[in-house]
Each structure stands twice: as structure tokens, then as C-alpha cells.
Amino acid sequence: MEDQRAATAKFAEQLRELRAGVGNPSFRTMAGRSGRISHTTLHEAAAGTRFPSWETTREFVRACEADETRWRQLWDDAQQRNEDDPAPQEAAVPTVPAVRRTPRRFRWIAAGAAAVVTALAAVGVVVRFRVSSADGAVAAPSPSASFSDSLIPGDSSRFVGDVTFPDGAKVKVNQRFDKVWALANVGTVAWHKRFLAPTSPNGEGGCQVPDRVPIGDTPPGDQVMITVPVVAPSSPGKCMVSWKMVDENGQPFFPSRRPVYFLVNVI
């Protein structure tokens, strides 16, 4: 029983850290984003009152715009340590819908682009792709994906994935490397003169990064690959830097959205 309580408390702590990373939105706000679960249930999950069902966890993660696949693994690991806990107040775990995957065409392009992105970044080139469905049709932007806190009505973005240096990748002390993400414009507003800016100078761990990096013009329905040049610190440890999409004056376009970030192990 002690192990079960510890696992529940640890998972609740992880949920609180996730929520803090997107600016600590109120549980009512999160419930509104979900539209499927109450603010009380979300609060109980973060408080560690009892181990949450996957349905509760999934809606918590969606409200924070986090990676459902990664959090399903975290939930599975924590649930394994709680498997003897009957959790009578939790609803049965529903069938989890399949996670939408990046189209095969983009996965192939991203893999090839990773090999040349450093050279492109050196001359200031921003790589951009059209979002296509499996049959080749251009995917329509999703107005429902926009949050009410968007700086511009109808504006919305979606994190596609890490192109280089996924979370936990190893780099050497003082190593220079390029972190690359892929983002998608899934709103109805064209992106123009936008940037990614770190939420705090050099983040945690002492990595050296620029004040901001350009995103490049991206119309609705397109994906863009964004490169950040990084210099690892001179001592081993973990280095994490979070980034927000901002305008020329540094104003964030999505104030309460979860930032993109990189996390590397410096050896």
C-alpha cells in the first residue's frame, strides 16, 4: 500500500509540473478546453487524492497540449505500480482512440531533412512543408484547434515532433548542435514575422542559446521546421530550455499554451 501511495503521489507531482509548464491555468479553464471532464476531477488528479484513470489523465494532458503518447507510457508505468489498487471511485478505463500520426510522407521528408538542416540553418533558410493527408489532399486547417487565449482569433499551432536531438539525447560538454522542431499551422491565420524565444535566458543547465530564432512565413495548413543553434555547457548535467512563439516585440501568440522545449544530457 505504501508503494501504491508513493506511485500515486509521484504521478500527481508529474501532472503538477506539466500544468506549471504551461502557466498554471485554472482547473476550470482546463476543463473548458477538454469539454469532457470536470475541474474537480482534474484537481483531484493533480492533488494525488487517488490514482487517475487514463481518461482523466488524457484530458489533463490534452488541456496542456502535451504529448499523449509519452504520457500514456508514463501512466502505464505508474499504473503498473498501482495494479493491486482497486481504485473504486475511478471509472473504467475506456478504449483509447488511436493517436493521430504524422503522415508517412512527412516522416520521410523530416528524416532526410535532418541530415541537411544544419547547412540550411547556417544560411538562414527556414524549411517549410505542406500538411497533406494520406491520399495527398491538402489538410484543411482546424478552427476548433485554436484556444480562446490566442493573440489573434483563429490562430493555432500544433507540435509535430522533434527532428533532431529528442528529449534525453546525449551531447558532450561545450558541443555545438542544432535542435530542430517541426510545428504545424493548424489555424486560419498566416504566420508572418514570428519567432521562437526562450522563456528564460539559457533555461536550466547553462546551455547557450540565441535570444530568438525566426519561424518564417507559414500559411495555414503548412508545417515548418525551426532550428535553434545551441552550445552545451562546460560541465556535465541536464540542460533544458523552453520556447514560446512571439512577435517582433516579444509578445507571445499563445500565452497559456505549453511551450516547446529541448532537454539533453550533457556528458
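Residues numbered from 1 in each chain as written. Predicted model: local features only at pLDDT ≥ 70, side-chain atom pairs only at ≥ 80, totals over all residues. Heavy atoms only, no water.

### Some details on helix α4 (residues 54-63)
Reasoning step 1: Here α4 lies mainly inside the structure; eight of its 10 residues are buried.
Reasoning step 2: Among the residues making up α4, those that are buried are W54, T56, T57, R58, E59, F60, V61 and A63. (Buried < 20%, exposed > 50% of the residue type's maximum accessible area, 1.4 Å probe, protein only. Helix = DSSP H or I, 4+ residues; strand = E, 2+ residues; numbered from the N terminus.)

### Description of the sheet that holds strand β9 (residues 260-266)
Reasoning step 1: Pairing is mixed across the open sheet formed by five strands, whose spatial order is β3-β9-β8-β5-β6. Looking at the sheet topology across the chains shown, the edges are occupied by β3 (169-171) and β6 (213-214).
Reasoning step 2: In terms of strand pairing, strand β8 (residues 237-246) meets β9 through seven bridges, oriented antiparallel. The residue of β9 that forms the bridge with W243 is V260. (Pairing = 2+ DSSP bridges.)

### Section: the pairing of β8
Reasoning step 1: Counting buried positions over the 10 residues of β8 gives seven, a clear majority of the element.
Reasoning step 2: Pairing of strand β5 (residues 195-198) with β8 involves four bridges; the strand directions are antiparallel. What sits directly across from A197, in β8, is K244.

### Things to note about the pattern of salt bridges
Reasoning step 1: The tally for this structure, following the rule as stated, stands at seven salt bridges.
Reasoning step 2: For E59, the salt bridge goes to R58, with nearest N and O atoms at 3.6 Å. Here E59 and R58 have matching classes, each one buried.
Reasoning step 3: Linking K179 and D162 is a salt bridge whose minimum nitrogen-to-oxygen distance equals 2.6 Å. (Salt bridge = Lys/Arg side-chain N within 4 Å of Asp/Glu carboxyl O.)

### Concerning the confidence of the model for the chain
Reasoning step 1: Mean pLDDT over the chain stands at 76; residues scoring 70 or higher make up 73%.
Reasoning step 2: Contacts for the low-pLDDT stretch residues 84-111, under 50 throughout, to residues beyond four places or in other chains number 32 contacts.
Reasoning step 3: Under a pLDDT of 50 for its full length, residues 129-147 has, in the predicted model, 44 contacts with residues more than four places off or in other chains. (pLDDT = per-residue confidence, 0-100. Contact = heavy atoms within 4.5 Å.)

### Some remarks on the environment of T57
Reasoning step 1: As for its placement among the helices and strands, T57 is situated in helix α4.
Reasoning step 2: Of the residues examined, T57 reaches a relative accessible area of 1% and is grouped as buried.
Reasoning step 3: Residue contacts for T57: discarding those within four places in its chain leaves F11, P52 and W75.

### Details of the layout of surface pockets
Rolling a probe over the atoms, with the probe sized like a water molecule, indicates the empty space that remains.
Reasoning step 1: Here the second largest pocket is characterised by a volume of approximately 520 Å³.
Reasoning step 2: Surrounding the second largest pocket, 20 residues form its lining, E17, L18, M240, R258 and Y261 being those nearest its centre.
Reasoning step 3: At the level of secondary structure, the elements contributing two or more residues to the lining of the second largest pocket comprise α1 (2-21), α5 (68-80), β8 and β9.
Reasoning step 4: Tallying contributions element by element places α1 first for the lining of the second largest pocket, with five residues.
Reasoning step 5: For the lining of the second largest pocket, the per-class residue count stands at eight nonpolar, six polar and six charged. (1 Å grid on protein atoms, 1.4 Å probe; cavity = no way out; pocket = protein on both sides within 12 Å on 5 of 7 lines; lining within 4 Å. Points joined across faces, edges and corners; volume = space filled by probe spheres on them. Nonpolar A, V, L, I, M, F, W, Y, C, P; charged D, E, K, R; others polar.)

### Observations concerning the packing of helix α2 (residues 27-34) against helix α3 (residues 39-47)
Reasoning step 1: Relative to each other, α2 and α3 sit at 115°, their axes nearing to 8 Å. By crossing handedness, the relation of α2 to α3 is classed as right-handed. Mapping the contact onto sequence places F27, R28, M30 and A31 in α2 and H39, L42, H43 and A46 in α3.
Reasoning step 2: Class assignment of the residues belonging to the contact of α2 with α3 gives a composition of five nonpolar, two polar and one charged. (Axes fitted to C-alpha atoms, helices over the stretch in contact; angles between N-to-C directions. Left-handed = near helix turned anticlockwise from the far one by under 90°.)

### Things to note about the nonpolar core
Soluble, globular proteins show a tendency: their nonpolar side chains are buried together.
Reasoning step 1: Among the nonpolar cores identified, the biggest contains 25 residues, and L196, W243, M245 and F262 are the most heavily contacted of them.
Reasoning step 2: When contributions to this core are tallied by element, the ones reaching two or more residues are β4 (176-185), β7 (222-231), β8 and β9.
Reasoning step 3: Grouped together as the second largest cluster of nonpolar side chains are 22 residues, A31, L42, W54 and W75 included. (Core = buried A, V, L, I, M, F, W, Y, C linked by side-chain atoms within 4.5 Å.)

### Some remarks on unusual backbone geometry
Reasoning step 1: Phi angles above zero are rare outside glycine, and N24 is one such case at about 55°.
Reasoning step 2: With respect to the helices, strands and loops of the structure, N24 is situated in the loop between α1 and α2.
Reasoning step 3: For N24, a relative accessible area of 43% corresponds to the partly exposed category.
Reasoning step 4: The backbone of F165 sits at a positive phi, close to 50°, despite the residue not being glycine.
Reasoning step 5: Residue placement: F165 occurs in the loop between β2 (157-162) and β3.

### Quick word on the packing of aromatic side chains
Reasoning step 1: In this structure the tally under the stated criterion is eight aromatic pairs.
Reasoning step 2: For the ring pair F165 and F177, a centre distance of 4.7 Å and an interplane angle of 45° mean the geometry is tilted. In this pair, F165 sits in the loop between β2 and β3 while F177 sits in strand β4, placing the two residues 12 residues apart along the sequence.
Reasoning step 3: The buried category is assigned to F177, whose relative accessible area is 5%.
Reasoning step 4: Connected via pairs of aromatic rings, a cluster forms that spans F11, F51, W54, W71 and W75.
Reasoning step 5: Taking the ring centre of W54 as reference, the NZ or CZ of R72 above it sits at 5.0 Å. (Phe/Tyr/Trp six-rings, centres within 6.5 Å; stacked < 30°, edge-to-face > 60°. Lys NZ or Arg CZ within 6 Å of the ring centre and 35° of its normal.)

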